[in-house]
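# Architecture at a glance
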Amino acid sequence: QEVRKHVWKNFDELCAAADPAARFWYLSTKANRSPWQAEFQPGDYLVFGRETRGLPEELIEAAGEQALKIPMAPGGTRSLNLSTAVAIVLYEAVRQQDPAW
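Here we summarise the structure given alongside this text. (Residues numbered from 1 in each chain as written. Predicted model: local features only at pLDDT ≥ 70, side-chain atom pairs only at ≥ 80, totals over all residues. Heavy atoms only, no water.)

### Description of the packing of aromatic side chains
If you walk through the whole model with that rule in mind, you get 5 aromatic pairs. Between F11 and Y26, the ring centres sit 6.3 Å apart and the planes meet at 65°, which makes this aromatic pair edge-to-face. One end of the pair, F11, is in helix α1 (residues 11–17); the other, Y26, is in strand β1 (residues 24–27), with 15 residues separating them in the sequence. The class for F11 is partly exposed, based on a relative accessible area of 31%. Between W25 and F40, the ring centres sit 5.2 Å apart and the planes meet at 65°, which makes this aromatic pair edge-to-face. Residue W25 is found in strand β1, and its partner F40 is found in the loop between β1 and β2 (45–47); the two are separated by 15 residues along the sequence. (Phe/Tyr/Trp six-rings, centres within 6.5 Å; stacked < 30°, edge-to-face > 60°. Helix = DSSP H or I, 4+ residues; strand = E, 2+ residues; numbered from the N terminus. Buried < 20%, exposed > 50% of the residue type's maximum accessible area, 1.4 Å probe, protein only.)

### A closer look at the sheet that holds strand β3 (residues 67–68)
Pairing in this open sheet of 3 strands is parallel, and the strands run β2-β1-β3 from one edge to the other. Of all the strands in the sheet, just β2 and β3 have a single pairing partner and so form its edges. Pairing of β1 with β2 involves 3 bridges; the strand directions are parallel. Across the sheet, W25 pairs through a bridge with L46, a residue of β2. (Pairing = 2+ DSSP bridges.)

Note that every value here comes from positions in space, so none of it alone points to a role or purpose.
Below, the structure is given as structure tokens:
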């Protein structure tokens, strides 16, 4: 009840509807920066791929500094469950908006 839900037909439609100042952050195990290195702002979008395949590599490469990955322990699990990954990054973005948290 506290979430405003909107469904777009595809990613291009979302990009067209977004505020021109909005920034998109792309999450992938192939990125180099962590969410703790990002500075999230109101109106930002967090983009996650499918749990089985993630986002296309060309999208991650084109994203540059806007591509993020959740750090994982060396030699351990390669990736996290999608809902867990969303929760981790969303919590960090919300925490940055209200440091009193």
